[in-house]
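Each chain, letter by letter, is given below.
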Amino acid sequence: MTETLSKFQKIPDREPPSSTVGMLAWVRINLFGTTTNTITTLLFLYVIYLFLPPFLDWAIFNANISGSDRSVCDENKSGACWTFVKVRFEQLLFGLYFATNPDQIWRPITALFTFGIILTPLLFEKTPFKKWLLLILLTAYPVFFIFIVYGGAFGIPVSDTGQWGGFLLTFALAFVGIVLALPLGILLALGRRSQMPVIRALSVTYIEFWRGTPLITILFMASVMLPLFFPSGVDFDKVVRAMIGITLFQSAYTAEAVRGGLQAIDKGQTEASMALGLGYWKRTIFIILPQALKISIPAIVNTFIALFKDTSLVSIIGLLDLLKMSQSASRSLEWNGYDIEGYLFAGFVFWACCYGMSSYSQKLERKLDTEGRTE
Amino acid sequence: MVQIFVLSIVVFGIFSIYETTVFNLQERGIKTSSNFFDEVAPFKVGFSPFLNFELGKTTYIEVFYIGILNTLLVALLGIFAATMLGFVIGILRLSPNWIASKISLIYIEIFRNVPLLLQIMFWNFAVFLAFLPPPKKSIEMGLFYLNSRGLHSPLPFIEDSNNFKIWILILALAALAGFIFSKWSKKKFELTGAALPVKTINILSFLAIAVFSYFFLRGPLGFDLPVLGKFNFKGGGQIPLPLFSLWFALTIYTSAFIAENVRAGIASVSKGQLEASRSLGLKRSQMINMIIIPQAMRVIIPPTISQFLNLTKNSSLAVAVGYEEIVAVWAGISLNQTGQALIIIAMTIIVYECMSLFTSFILNVYNRRIQITER
């Protein structure tokens, strides 16, 4: 009697009913839960059936990649012509100069590779000396980039900016835009929150002016009017003009992103540093900005994504960026008629870069969000 | 002191740029003046549905107005379609159906991470121009016809202007009656708790009155149907292919952003609200109409209005496909013809600044309104 009382015997858990676990249950709940659900599922499956198999057939199973001219593609019209992308790959990525001088192609490759090497450790949270790496990326790297891609020193032949093109140009425009716009944007954001009415009014006017105008108008202005703004003799080439336009435009957006960060900093921080006797610049540089910039990184990355996509507009003022390069390559006599492949390739490169950046900024945003909550 | 210093630098900078610009222009034999406004424009504007264009008669300033109107036209068309599509996709994103949710996720991630210009060119050059049939073999969609020239649609026109005025008056009175009725029933609801299906009654009775009086007045409004002529369609409204591609691309691109806004807005309604409304015994439709939508809309509307402004600014990419909106026809062709860069670019920027100011005005009004209703 005592034995049965003292001995506790665990009855094994009953298995959950088979209708709530496993693949089948998941399908039943998520795809065929209710009548509407079932109808929606069938409808979407039908749409997928209509579009996906023909697309895959065209893009992968029937696609042409062999050979080095269009004869392969012309024989098999039912598939995509990736031969075109393969043959013109260097041109699409690095522009005409490096495509015609294959012995120089190590230069853009080294430049982009170095960028990757510096950037990758920055993406991880626990990397030491992150600040210094970032500083190198924003100051030393651009010098290195000009030195190696533009050339002109140490026996490296000059590659004229007029011959720059493809992804390299897109990258250069976007990178210059963000590097130069960042300090300008920080100053503008501080100006917008300044106590001095004149400074504030000037900053607000500047920011709203650039934000209200479409980039294409600014690029037109940069390419048509910039030479007029300066005394004759001062002249920039097309790429530099576009870079100036992009920088002015981007600085307004960066300013707004940084302002968001500044607004999120508690007023107590300012008050405490004032009580410690710090002046405006010390307070801003050592107390406020480090905190504000950290919060505004996702917003800055988002404006950078927008800028990266917008660099494609330079094709309208006649620069051969990735988009224009794919378009003109697919309209050349040799490859006329394969423009879908060209657009898809350019689109895929843009998409991969932007999607990567946006997932990174979303991850960061979520992290900052939870950090805020635990405090 | 600092302020005066900065201000004087800025004023001096702007002034000297202005001086050199005017000087440079004069050196090139261009005298900056607005005299060219009344000169006859020597080029053809193909699409001007609101102002009659006549080659050899239309002046530059009228071309400017045509440009503004065309910009507004594509902006309104785009805003309407993108809002519809964006809401559908945003809601599908939150659907319990796995396939629907994943497909809309893919849609959003693809279309917002590819540059708009690339999308416009892709649809226009690689898809529509290459695959749409000639007018003789148009794709029929009810009373709409789609072919390589564009989209042809029925166009309403006023058959009897007196009767039309009466009809509009009747409609206005009906709307007013509906408004009074809803006020009255709301008061009654607050007094007695008896709820009427106000919306259904209003819509049905308005439609009944509209249709009945339409036939009673013997059709004050006629429809001009597109008819296939020898080479092209005659009559009806025509959306030329550049406008159609631009509209299509703008709609798809912006709808991805709006969908994301909608998703975030609905997700921002806290779970407690839904649980509370369920425990109050509200029906599902009541919960959606009275709990979710009012709270979600507060989060959805401000960023969506900014998207509308973005769409309007993005419509300037029409240059790429040759739709005649303000940047193409004014900052492009007119500038090349007259060389009056200063005035033309300034006017273009002012137009966009006005739109931007108008948008932020609306946003401010809206924000103030929802702030009051908040606790």
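Residues numbered from 1 in each chain as written. Chains lettered and ligands numbered in written order. Predicted model: local features only at pLDDT ≥ 70, side-chain atom pairs only at ≥ 80, totals over all residues.

Draft legend 1. Summary view of the overall build of chain A. Assigned secondary structure in chain A consists of 17 helices and zero strands. In terms of overall size, chain A is more extended than a compact globule, its C-alpha atoms giving a radius of gyration of 28 Å where 375 residues would be expected to give roughly 21 Å. Expressed along its principal axes, the backbone C-alpha trace of chain A runs to roughly 110 × 80 × 45 Å. Relative to all contacts within chain A whose residues are 6 or more apart in sequence, the contacts with residues 24 or more apart total 62%. (Helix = DSSP H or I, 4+ residues; strand = E, 2+ residues; numbered from the N terminus. Rg over C-alpha atoms; globule rule 2.2 N^0.38 Å. Contact = placed C-beta atoms within 7 Å.)

Draft legend 2. The nonpolar core, seen in detail. In terms of nonpolar packing, the biggest core is built from 144 residues, with L219 of chain A together with I120 and L246 of chain B touching the most fellow members. Among the elements that take part in this core, helix α9 (residues 166-192) of chain A stands out by supplying 17 residues, more than any other. In contact with L246 of chain B, other than residues within four places in its own chain, are V74, I120, S315, A318, V321 and Y323 of chain B. (Core = buried A, V, L, I, M, F, W, Y, C linked by C-beta atoms within 7 Å. Buried ≥ 20, exposed ≤ 12 C-beta atoms within 10 Å, placed from the backbone.)

Draft legend 3. Quick look at the domain arrangement of chain A. Segmenting chain A into domains produces domain 1 (19-46) and domain 2 (169-325 + 350-374). Spacing between the C-alpha centres of domain 1 of chain A and domain 2 of chain A amounts to 46 Å. (Domains from an automatic or database assignment.)

Draft legend 4. View of the interface of chain A and chain B. With 43 residues of chain A at the contact, the number on the chain B side is 42 residues. Elements with a contribution of two residues or more to the side of chain A that touches chain B: α2 (22-31), α3 (35-61), α10 (197-212), α11 (215-224), α12 (226-229), α16 (322-330) and α17 (339-374) of chain A. Element by element, the count of residues in the side of chain A that touches chain B is highest for α17 of chain A, at 10 residues. Looking at side-chain class alone, the side of chain A that touches chain B contains 27 nonpolar, 13 polar and three charged residues. (Nonpolar A, V, L, I, M, F, W, Y, C, P; charged D, E, K, R; others polar.)

Draft legend 5. Quick look at the sheet that holds strand β2 (residues 144-147) of chain B. Residues and elements named next belong to chain B. With antiparallel pairing, the four strands of this open sheet are ordered in space as β1-β2-β3-β8. Bordering the open sheet on either side are β1 (139-141) and β8 (237-240), each of which pairs with just one other strand. Between one strand axis and the next, the sheet turns through 20° on average, direction left out of account. Strand direction decides the pairing type here: β1 and β2, joined by three bridges, are antiparallel. Looking at the pairing, M141 lines up with F144 of β2. (Pairing = 2+ DSSP bridges. Axes fitted to C-alpha atoms, helices over the stretch in contact; angles between N-to-C directions.)

Draft legend 6. Representation of the packing of helix α8 (residues 271-279) of chain B against helix α9 (residues 284-314) of chain B in the model. Residues and elements named next belong to chain B. Running from N to C, α8 and α9 point in directions that differ by 160°, and their axes come no closer than 11 Å. Taken together, the axes of α8 and α9 are roughly antiparallel relative to one another. For the crossing formed where α8 meets α9, the hand is right-handed. Residues Q273, L274, S277 and R278 of α8 pack against M287, I291 and Q295 of α9. When its residues are assigned to classes, the contact of α8 with α9 shows three nonpolar, three polar and one charged. (Parallel < 35°, antiparallel > 145°, perpendicular 65-115°, else oblique. Left-handed = near helix turned anticlockwise from the far one by under 90°.)

Draft legend 7. Up close: the pairing of β2 of chain B. All names here are of chain B. The two faces of β2 differ: Y145 and N147 on one face are buried, but F144 and L146 on the other face are not. From the end of β1 to the start of β2, which pair antiparallel, there are two residues, and G142 there has a positive phi angle of about 65°. With three bridges joining them, β2 and strand β3 (residues 150-153) adopt antiparallel strand pairing. Each bridged residue has a counterpart across the sheet, and for Y145 the counterpart in β3 is H152. Counting the residues that bridge the hairpin from β2 to β3 gives two residues.

Draft legend 8. The arrangement of the domain arrangement of chain B in detail. Under the domain assignment used here, chain B contains domain 1 (1-31), domain 2 (35-154 + 225-373) and domain 3 (163-216). Taking only C-alpha atoms, the centre of domain 1 of chain B and the centre of domain 2 of chain B are 38 Å apart.

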